[in-house]
Every structure is written in structure tokens, then in C-alpha cells.
Amino acid sequence: MFQFPRLEFDAAAHALREDLRGFLNAELASGGFSPSADCWVSAADPAFSRKMGAQGWLGMVWPREYGGHDCPVAHRFVVTEEMLAAGAPVAAHWIADRQTGTHILRYGTEEQKRTILPRIAAGECFTAIGMSEPQAGSDLAAIRTTAQRSDTGWVLSGRKIWSTGAHYSHYMIVLARTSPAEGRNRQVGLSQFLVDLSLPGIEISGIRDLGGTPHFNETLFDNVELPADALLGTEGNGWAQCMGELALERSGPERFLTSLIVLEQALPVIARHADERRAIEVGSILANLRVLRRMSLGVAEMLEQGESPATAAAVVKEMGNRLENDIVAQLRSMLAGISFAEWPDGLEALLREAVLHLPSNTLRGGTTEILRGIIAREMGMR
Ligand SMILES: Cc1cc2nc3c(=O)[nH]c(=O)nc-3n(C[C@H](O)[C@H](O)[C@H](O)COP(=O)(O)OP(=O)(O)OC[C@H]3O[C@@H](n4cnc5c(N)ncnc54)[C@H](O)[C@@H]3O)c2cc1C
């Protein structure tokens, strides 16, 4: 069975939490942002990202020589939790800070580490994920985008879809086929590329989601000439590298705290109408949140130890996404019967946003069915 180590918060982490709350309260009071119920995907504000960079809250766990702050992973966890709890506009830097930077640190050239990582840590460089394609989502090995060697580097051709934030990103990590599959083994022959999105031949078009926000994109690569050092890591090792990236992507608090802001705003009015049913619902939500937080912290600890806990991350995402959906359903049922006149300002808009983004939770970063398959395989059941 899966072991989740116990990561603890030290006194500095508690002090950091207080600093964050002070910063967020000041930002809210000055109209710096309006809370969002899907803040880490849909609410992008580069100016807010730069403010976070100036506070030292991006690239926290990376070495100082690359613009990082050499902080323990628990401190980064605190920042993540507080930003999500406030519904702050963190989408612009989220992917770069969460996974691309760490990936560059692991696989990038010295030049890429020195030029790109400090800009990410300053909140000035954003990145996107180029895995999915129109015909390849869950079945990622079916991608058709290719990169072929040229005299000067590589030529990239193909189409990526659903890439969050590609329209404001500076780079995308693109998974491409560099050599044919070996029979039924399609995971060989794939490689990752760090692609500068300002290069000629790249066309990015926004896609609107159910709520009308164009936060993700389709990206066309039309014979894009890449320099030789765009190859990230080892040629042919793209599949394994992607799986490592997904462990970073799936286990964080954003997999169960996305709609916490709605819960927070709704609790006072629900408390005024407390009855046995509502008390049980709130109790069960909080109990589940505590368990998931402990598990997510455990995965953060494994990542800090240099492990790649793909299955443990899949467990967090599968359970977290279910809880997020349950929270919104439970809130709707708890608020039913309470007059709108009693709802605090902004709650109706936040709840609407949460409901419209709900279908995304169990799709983005790998669907629930795929995660269950990964877990079943680990248990020897597939
Ligand atoms: C909001 C959002 C943001 C996203 N951001 C990005 C991004 O930044 N970069 C990126 O590359 N991608 C991104 N994605 C794409 C996401 O990773 C894919 O949507 C996801 O992997 C599913 O792929 P698909 O949409 O092609 O669905 P499909 O793979 O076609 O799946 C359709 C349904 O069939 C089920 N299914 C498929 N195969 C199996 C199986 N073997 N067993 C059981 N059930 C199965 C799935 O669970 C799902 O319910 C994003 C998606 C969303 C919704």
C-alpha cells in the first residue's frame, strides 16, 4: 500500500503564513484582486505574479544561484495553500512555478537554468504544457506532433490542444515524436522540447470553456525551427520525463482547495442556519480536507526527497477531485432554502464560477478513470 510521509511545518512556516495573510488582506482591501473560484487556472494577472516574485514566493525551493530561495518544500506548500484559500489571481505563473521550473532545473542546460529560472522566480516568465492533442488525451502516446533533426537543430510540426495559459506564456514544454514507435510499444521515441513561443511558425488560438473564459488554447506548430538545445533532457526519454512532470502536477493542494474560497464565503451564512444536516455536511467536508492535506504534504515530502511518486500523486488527485465536486454539491444543498438576501456579496458569482468549472476538475491533469487505472496497476490488479 502507499506510504505518505509526515511533513511538518516549522516556526518559519507559521510566520510565513501570517505574512501571506497580511499581504493578501492588503491586496483585497486595496482592490488588487477579486477572488476567483478557479484561480490557479482561470485568474491570470501578470502584475500580481510580479508582486509575488518580489516577495520571494516563486521558485521558492530552487537554488539561489538560479534565482530561487532554497526554502523547504513545506514553505512553498504554505504559499500555495494561502493563495488558493484567498482565490488570488495566480494562474499566470502557476505552471512555471509548479512544474516547468523544476523540470528545467532537472533537465535543462546550464544556460537555460541561468536565463529562464530567475525570470520565473521574478514572476516575469510564464510557461504552458504541450502534451494533449486533438486525437491524444488520455492515450498520450498516440501524439502525432513530430520533431525531426535538421542541420541547426530540430523542426517541430503538429498541433497541441487545451494548453492552459499558452496565450500569455513565453515557453511551452512540448512532447513530440522523434522516432517511430517500436511495434505496440508507443512510449519509445518520444522527446520533450522547451519551445520559445515567440518563434516563427507558431499560431496560438484561444478556446472558451463552459464559463466563457478563454484560459486554454490550441497551438499550431508549422515547421518551427528549434535550436539544438531546445531538446529537454534525453532524446527518446520523453515519456518517463512526462510522468515525472505529472507527479508534480497532480499532487498539490490545488487538487482539493480550488473551491475552498466558496466554502469560506458561505460558512457564515450556513452557520446562521445551522441544523443537524448542515452540521454533518460541514463536518464531513472538513474531515476529508484534513486527510487530503496530510496526503498532499506527504507527496510534497517525497518529491523533496527526489522521488517521483506518480501513484501517490494519482491517489491525491483522484480523491481531491471527488472532494472538490462534493464540496460544491454539498454547498448548493446547504444553501438551498436560504434567501439570496442573506448571502454575502460575491457568493453567488463565486458559486456560479465553481459550478461552471466543475467538469474541468476530473479532466485536467489526467481523468479520474485514467488515475484509477494507474492506482489499480500499482495494486497488481491490471
Ligand atoms: C481545464 C483544462 C485544462 C487543461 N490543460 C491542459 C494543458 O495545459 N496541457 C495539456 O497538454 N492538456 C491540458 N488539458 C487536457 C487534459 O489533460 C485532457 O483533457 C485529458 O487528458 C483527457 O483527454 P481528452 O480530453 O482527449 O479525453 P479522452 O482521452 O478522449 O477521454 C474521454 C473520456 O474517456 C475516458 N477514457 C479514456 N480512455 C480511457 C480508458 N483507457 N479507460 C477508461 N476510461 C477512459 C476518460 O476518462 C474520459 O472520461 C486540459 C484539460 C482541461 C479540461
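Thresholds applied
- Just so you know, the residues in each chain are numbered from 1, in the order the chain's sequence is written.
- It should be noted that, the model being predicted, local features are given only for residues of pLDDT at least 70 and side-chain atom pairs only at 80 or more, the latter also being counted only at that level, while totals for whole chains, interfaces and linings use all residues.
- The side-chain values count all of the structure's non-hydrogen atoms but skip hydrogen atoms and water molecules.
- A strand pair is defined by DSSP finding two or more bridges across the two strands.
- Runs of E in the DSSP output that reach at least two residues are strands. Runs of H or I that reach at least four are helices, and both are numbered from the N terminus.
- Note on classification: 1.4 Å probe, protein chains only; a residue is buried when its accessible area is under 20% of the maximum for its type, exposed when over 50%, partly exposed between these limits.
- When a carboxyl oxygen of Asp or Glu is within 4 Å of a side-chain nitrogen of Lys or Arg, the pair counts as a salt bridge.
- By convention here, the domain bounds are inherited from an automatic or database domain assignment.
- The contact definition used throughout considers only heavy atoms, calling two residues in contact when any of these lie within 4.5 Å.
- In protein, a polar contact means a hydrogen-donor-capable atom and an acceptor-capable atom, both N or O and within 3.5 Å, with residues adjacent in sequence counting only if both atoms are side-chain atoms; elsewhere, any N or O pair within 3.5 Å suffices.
- When residue character is reported, Ala, Val, Leu, Ile, Met, Phe, Trp, Tyr, Cys and Pro are called nonpolar, Asp, Glu, Lys and Arg charged, and the others, Gly included, polar.
- The definition of a nonpolar core used throughout is a set of buried Ala, Val, Leu, Ile, Met, Phe, Trp, Tyr and Cys residues joined through side-chain atoms within 4.5 Å.
- By convention in this text, a residue qualifies as near a molecule or strand provided that one of its non-hydrogen atoms is within 4 Å of it.
- Residue-level accessible areas treat just the shown protein chains as cover; the underlying method is Shrake-Rupley with a 1.4 Å probe.

K.L.:
Talk me through the pairing of strand β3 (residues 153–164); I want residue IDs and the actual numbers.
P.N.:
Walk down a regular strand and you will see the side chains alternate between the two sheet faces. Where strand β2 (residues 146–149) and β3 come together, four bridges link them in antiparallel fashion. Note that in β3 the partner of Gln148 across the bridge is Val155. Between β2 and β3, which follow one another and run antiparallel, lie three residues.

K.L.:
Can you tell me about unusual backbone geometry, naming the residues and giving the values?
P.N.:
The backbone phi angle of Trp162 is positive, close to 65°, even though this residue is not glycine. Given a relative accessible area of 45%, Trp162 falls into the partly exposed group. If you check the backbone angles, Asn223 has positive phi at about 50° while not being a glycine. Its relative accessible area of 48% is what places Asn223 among the partly exposed residues.

K.L.:
Mind laying out the pattern of salt bridges, listing which residues take part and the relevant values?
P.N.:
Using the criterion set out here, one finds 20 salt bridges in the structure. Where Glu82 meets Arg21, a salt bridge forms, and the shortest distance between an N and an O atom there is 3.0 Å. Of the two residues, Glu82 sits in helix α4 (residues 73–86) while Arg21 sits in helix α1 (residues 11–29), which places them 61 residues apart along the sequence. A relative accessible area of 7% places Glu82 in the buried class. We classify Arg21 as partly exposed; its relative accessible area is 38%. Residues joined by salt bridges that share partners form a network here, namely Arg17, Arg21, Glu81, Glu82 and Arg293.

K.L.:
Go over the domain arrangement of the protein with me, naming the residues and quoting the values.
P.N.:
Under the domain assignment used here, the protein contains domain 1 (11–125), domain 2 (129–238) and domain 3 (251–378). The straight-line distance from the C-alpha centre of domain 1 to that of domain 2 is 25 Å. Taken residue by residue, the interface counts 19 residues in domain 1 and 14 residues in domain 2. Our enumeration of links across domain 1 and domain 2 arrives at zero salt bridges. For the pair domain 1 and domain 2, the number of links is four residue pairs in polar contact (both at pLDDT 80 or more). Secondary-structure elements contributing two or more residues to the side of domain 1 that touches domain 2 are α2 (39–42), α5 (91–107) and α6 (110–121). A total of nine residues in the side of domain 1 that touches domain 2 trace back to one element, the largest contributor, which is α5. For the side of domain 1 that touches domain 2, the per-class residue count stands at nine nonpolar, seven polar and three charged.

K.L.:
Lay out the nonpolar core with the relevant residues and their values.
P.N.:
One finds Phe48, Trp57, Met83, Val90, Val262, Leu289 and Leu335 to be the most contacted residues of the largest nonpolar core, which totals 63 residues. The leading source of residues in this core is helix α10 (residues 310–335), at eleven residues. With sequence-adjacent residues up to four places away left out, Phe48 is seen in contact with Phe23, Leu24, Glu27, Phe33, Met83, Ala88, Pro89 and Val90. By size, the runner-up hydrophobic cluster in this structure holds 17 residues, among which are Ile202, Val224, Ala230 and Leu231.

K.L.:
Hey, could you go over the site of the ligand for me, with residue numbers and the actual values?
P.N.:
The ligand sits among 18 residues. The nearest are Ser132, Ser138, Trp162, Thr367 and Glu369. Between a nitrogen atom of the ligand and a main-chain N or O atom of Ile129, the distance comes to 2.9 Å. Between the ligand and Thr367, the relevant distance is 2.6 Å, taken from an oxygen atom to a side-chain nitrogen or oxygen of the residue. When isolated, the ligand has an accessible area of 980 Å², and the protein chains bury 65% of it.

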